[in-house]
Amino acid sequence: MKTLTAALSAAALLALAGCGGGGSSSADDGPVDLRMTIWSANAKHLALFDQIAAGYKKDHPEVGKITFEPIPFDSYTTTLTTQIGGGNVPDLAWIFESSAPDFVTSGALEPIDKDADLVPSTTANWEKDGKLYAYPFSTSPLGVFVNTDLVKAAGRPAPAEQIAAGTWTWDEAAKTAAAVQARGSKGGLVVGDFDYKGWDTLNAVWAGWGARPWSEDGKTCQFDQPAMADAMTFLHKLVFTDKGMPGPGVTKDFFAGDSGMILTQISRAALLEKAKFKWDLVPLPKGPAGDYSVVGQAGIGVFKRGKHADAAKQFLAYFTNAENSAKLAQFFPPPRKSQLNAATLGKANPLLKPAQLDSVVVQGIERGTIKPSHTGYAEIQQTVRASLDPLWKPDADVKAVLAGVCSKINPLLAK
């Protein structure tokens, strides 16, 4: 199944690249309907997208419906490439940073105009031969949301106090998580979107040890290197020895007040609008390798073989212009230099304080590294996930499991 999924992804993208460009319908063909696949079904996200689309249609009578089609996060890329392989090609699509190399190098995407206002580091994933193939609509550093009520009740200093004292480290964060979870039914630390499946979300932890899943040139596995072994040993200990992180099969919803901390992106802040507990947002703890930041990113691309490629490019330009980028900043940190400041972000994020936005978002984007990506990522991702399954047991041999990961993916990295 893994090989089939990867082959489908590659075949679908190559098919898109090999059959020429698309184009918009003429006036005689009737209204142009556009479809964009996304992975959010959040009502507030969709309401904002629909609002922007309505504004566009006022000045573009040739455009009929603009549909935003949510696909579940966990199966997003697989479902998208299945649609493509079946000839149901969307006009536009959100694309994970992890899949950027596959989509950009395949030739499946239309080149788009590059705005001089874009921060150079935000476009690197989406460029080839000097051309931009997707707009980096969300460049979002990961931070730690904290239920300060639970932390206080556990007798631990709030992370903000630890930051002020210079003691906000992963070791101290682990002690805080364990203290919260030891009190009963609440969880300590939750890693957002992990659930013992999405292993790449752990990058926000292991980067604090200076670890990488593979070398910078993408050719050699580094799961078996000392830095990764130390980071994964820390996580294993947090789960099974310190009891500071909910174990496999246990779900704790931070936003419902069920855990002390969650490591995730600021787009989740909207879920705290009606929170019945006091909360904070702080940067990632300092790791053995020092201060660091990890940035999750998503791009919006236009498919060459979409039914209305030209019209889709025009809508994308409008959807991401400066005015709409400022609106989208409520959920998706903008890649624009002119908007990457606490004042602009604060207008779109009233739940977050300027100091939180500056320390987590602005500074995070300035110094952060983008989560890793690779060509053929679908197969690599599934292979790593299966190879890491033995790690999530109390008696796991961490180094042996990580060595096994490398034995499985080195042939894939070398392709």
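Let me sum up the structure you'll find in this document.

Calculation notes
- Residues numbered from 1 in each chain as written.
- Predicted model: local features only at pLDDT ≥ 70, side-chain atom pairs only at ≥ 80, totals over all residues.
- Heavy atoms only, no water.
- Helix = DSSP H or I, 4+ residues; strand = E, 2+ residues; numbered from the N terminus.
- Rg over C-alpha atoms; globule rule 2.2 N^0.38 Å.
- Buried < 20%, exposed > 50% of the residue type's maximum accessible area, 1.4 Å probe, protein only.
- Contact = heavy atoms within 4.5 Å.
- Areas by Shrake-Rupley, 256 points an atom, 1.4 Å probe, with all protein chains shown as cover.
- Lys, Arg positive; Asp, Glu negative; His and termini not counted.
- Charge placed at Lys NZ, Arg CZ, Asp CG, Glu CD.
- Core = buried A, V, L, I, M, F, W, Y, C linked by side-chain atoms within 4.5 Å.

1. Digging into the overall build of the protein
Turning to step 1, where the next piece is worked out: Within the protein, the regular secondary structure consists of 16 helices and 11 strands.
Turning to step 2, where the next piece is worked out: Scaling as 2.2 N^0.38, a compact globule of 415 residues should have a C-alpha radius of gyration of about 22 Å, and the protein matches this with 22 Å.
Turning to step 3, where the next piece is worked out: Each of the three principal axes of the protein carries a C-alpha extent, and together these read 70 × 50 × 35 Å.
Turning to step 4, where the next piece is worked out: A total of 415 residues make up the protein; the buried ones form 55% of that total.
Turning to step 5, where the next piece is worked out: Taking the contacts inside the protein whose residues are at least 6 apart along the sequence as the reference set, 74% of them involve residues at least 24 apart.
Turning to step 6, where the next piece is worked out: Summing over all exposed atoms, the protein offers an accessible surface of approximately 17600 Å²; the carbon and sulfur share of this is 52%.
Turning to step 7, where the next piece is worked out: In the protein, 41 positive and 42 negative side-chain charges are present, and the distance between their average locations comes to 4 Å.

2. Focus on the environment of G290
Turning to step 1, where the next piece is worked out: For G290, the location among the structural elements is in the loop between strand 9 (279-282) and strand 10 (294-302).
Turning to step 2, where the next piece is worked out: The sequence separation of G290 and P372 amounts to 82 residues, and the corresponding C-alpha distance is 19 Å.

3. A look at the nonpolar core
In a soluble, globular protein the nonpolar side chains are often hidden away together inside.
Turning to step 1, where the next piece is worked out: Counting 59 residues, the largest nonpolar core has W170, W206, F223, M232 and L388 as the members making the most contacts within it.
Turning to step 2, where the next piece is worked out: Among the elements that take part in this core, helix 10 (residues 226-240) stands out by supplying nine residues, more than any other.
Turning to step 3, where the next piece is worked out: Other than its neighbours up to four places away in sequence, W206 contacts W199, D200, A211, R212, P213, F223, M228, A231 and M232.
Turning to step 4, where the next piece is worked out: Counting residues in hydrophobic clusters, the runner-up holds 50 residues, among them W39, F103, L109 and I300.

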